[in-house]
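# Per-entry structural report
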Amino acid sequence: MTCPEQYSPAMSVTTPRLSAQAPASHRTSRSGRPDQVTVAVYAADPVLHVGVVQQLRRRPEVSLLDEAEADRAQVSLVVVDTVDDDVAALLHRLRHNTDTRTGLVVGTLGAGALQRVIECGVSAVLRRSEAGQDQLLHLVLAIANGEGVLPGDLLGKLLSHVGSLQRSALDPRSLSMSTLTTREADMLRLVSEGLDTVEIARKTAYSERTVKNVLHEIITRLQLRNRAHAVGYALRNGLI
């Protein structure tokens, strides 16, 4: 499988930058273990790349592939700060490579980005802040075994999203029941009446901080842009 021309520059997020000190032909460990898991590492930043490679190079269970052989890796690790269009394009390309399974090591990943990477075929995610040597190895072995790996909070968001989709599919009119809590609906209704944070806090007897957090949660969960967008969405769908 060849890499599209736009992914060819050496510093591109889609070009694996790997150490030649981990040859692909070294498929078994010195301890006589079964075949090692072959891994290709893709990173937008050489510093991110070096950090992951240095961690994995120490483990006999892993064999790092060089750039020429990256497309036949059992596991492709994509290491990025955030998921943007370039990263999504790389994940889509890797999804169509039947020789590899893809994992993501990421700095920040919101609910919307989580759905996006799952649609791109990623089933294992590790936050960079938690990417120690043992955690990276666990991620690689889990991916090679066809297992899914997600941080607990992201798994909760995914399950909540799937449940919401199922309820909406069964009864589209149940959207108002599954998308907003009573408190959320009340606060959005007050926003639609022109009240600001201070006035909403006074009206509902919640703190200003709580009001901000509740409205931010609505905007984030529904993947909206701002309060006005949230009010428009709620009105269109009969939520308030």
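Here the structure is a predicted model, which means the values were calculated and not measured.

### A closer look at the side chain of Glu184
- Considering the arrangement of structural elements, one finds Glu184 in helix α7 (residues 182-192).
- Reaching out from Glu184, the side chain makes a polar contact with the side chain of Arg221 at a distance of 3.0 Å.

### A look at the pairing of strand β1 (residues 37-43)
- Along β1, 7 of the 7 residues are buried, which leaves the element largely enclosed by surrounding structure.
- Side chains of β1 alternate between two faces, with Val37, Val39, Val41 and Ala43 and Thr38, Ala40 and Tyr42 buried alike.
- Of the strand pairs in this sheet, β1 and strand β2 (residues 62-64) are connected by 3 bridges, and their pairing is parallel. Bridging across to β2, Thr38 finds its partner in Ser63.
- In terms of handedness, the path from β1 via helix α1 (residues 46-57) over to β2 forms a crossover that is right-handed.
- Bridge analysis of β1 against strand β3 (residues 75-80) gives 5 bridges, and the strand direction is parallel. Within β3, the residue paired with Tyr42 across the bridge is Val78.

### Quick look at the sheet that holds β1
- On the basis of which strands lie adjacent, the open sheet formed by 5 strands has the order β2-β1-β3-β4-β5 and parallel pairing. Where the open sheet ends on each side, the last strands, each with one partner, are β2 and β5 (124-127). Looking at each pair of strands side by side, their axes are set apart by 30° on average, direction ignored.

### Regarding the side chain of Thr100
- Inspection of the secondary structure puts Thr100 in the loop between α2 (85-95) and β4 (101-106).
- A distance of 2.8 Å separates polar atoms of two side chains, one belonging to Thr100 and the other to Ser76.
- Those residues in contact with Thr100 that sit more than four places away from it in its chain are Ala73, Gln74, Val75, Ser76 and Leu94.

### Concerning the nonpolar core
- Counting 24 residues, the largest nonpolar core has Val39, Leu56, Leu77, Leu139 and Val140 as its most contacted members.
- Element by element, the count of residues in this core is highest for helix α4 (residues 133-144), at 6 residues.
- Sequence-distant contacts of Val140, that is, excluding residues within four places in its chain, are made with Val37, Val39, Leu56, Val62, Val75 and Leu77.

### Remarks on unusual backbone geometry
- Positive phi values are uncommon outside glycine, yet Ala205 reaches one of about 70°.
- With respect to the helices and strands, Ala205 occurs in the loop between α8 (197-204) and α9 (208-221).
- For Ala205, a relative accessible area of 69% corresponds to the exposed category.
- Phi is positive for Gln223, close to 55°, though the residue is something other than glycine.
- Mapping Gln223 onto the fold places it in the loop between α9 and α10 (227-236).

### Examining the packing of aromatic side chains
- Within the structure shown, the criterion is met by 0 aromatic pairs.
- The ring centre of Tyr206 lies 5.1 Å from the NZ or CZ of Arg183, which sits over that ring.

### Things to note about the confidence of the model for the protein
- Taken as a whole, the protein shows an average pLDDT of 78; of its residues, 74% reach a score of 70 or greater.
- Every residue in residues 1-33 scores below 50 in pLDDT, and together they form 79 contacts with partners more than four places removed in sequence or on other chains.
- Per-residue pLDDT stays below 50 along residues 172-178; that stretch engages in 11 contacts with residues further than four places along the chain or on separate chains.

### Examining the environment of Ala230
- With respect to the element layout, Ala230 can be found in helix α10.
- Of the residues examined, Ala230 reaches a relative accessible area of 2% and is grouped as buried.
- The spatial distance from the C-alpha of Ala230 to the C-alpha of Val191 is 9.4 Å, given a sequence separation of 39 residues.
- Ignoring anything within four residues of it in the chain, the contact list for Ala230 reads Leu188, Ile218, Ile219 and Leu224.

### Observations concerning the packing of α7 against α9
- Running from N to C, α7 and α9 cross one another at 95°; their axes reach a closest spacing of 10 Å. Classified by the interaxial angle, the pair formed by α7 and α9 is roughly perpendicular. Contacts from Arg183, Glu184, Met187, Leu188 and Val191 in α7 reach Thr210, Val211, Val214, Leu215, Glu217, Ile218 and Arg221 in α9.
- In terms of residue class, the contact of α7 with α9 is built from 7 nonpolar, 1 polar and 4 charged.

### Here's the deal with the pairing of β4
- Most of β4 sits inside the fold, with 5 of its 6 residues counted as buried.
- Judged from the 6 bridges that link them, β3 and β4 form a sheet pairing that is parallel. Following the sheet pairing, Val79 is matched in β4 by Val105.
- In this fold, the crossover linking β3 to β4 by way of α2 has right-handed handedness.
- Here 4 bridges tie β4 to β5, and the two strands are oriented parallel to one another. By the bridge assignment for β5, Leu104 is matched with Val125.

Conventions we followed
Residues numbered from 1 in each chain as written. Predicted model: local features only at pLDDT ≥ 70, side-chain atom pairs only at ≥ 80, totals over all residues. Heavy atoms only, no water. Helix = DSSP H or I, 4+ residues; strand = E, 2+ residues; numbered from the N terminus. Polar contact = N/O pair within 3.5 Å; in protein donor to acceptor, adjacent residues only side chain to side chain. Buried < 20%, exposed > 50% of the residue type's maximum accessible area, 1.4 Å probe, protein only. Pairing = 2+ DSSP bridges. Right-handed = clockwise from strand over helix to strand, strands pointing away. Axes fitted to C-alpha atoms, helices over the stretch in contact; angles between N-to-C directions. Contact = heavy atoms within 4.5 Å. Core = buried A, V, L, I, M, F, W, Y, C linked by side-chain atoms within 4.5 Å. Phe/Tyr/Trp six-rings, centres within 6.5 Å; stacked < 30°, edge-to-face > 60°. Lys NZ or Arg CZ within 6 Å of the ring centre and 35° of its normal. pLDDT = per-residue confidence, 0-100. Parallel < 35°, antiparallel > 145°, perpendicular 65-115°, else oblique. Nonpolar A, V, L, I, M, F, W, Y, C, P; charged D, E, K, R; others polar.

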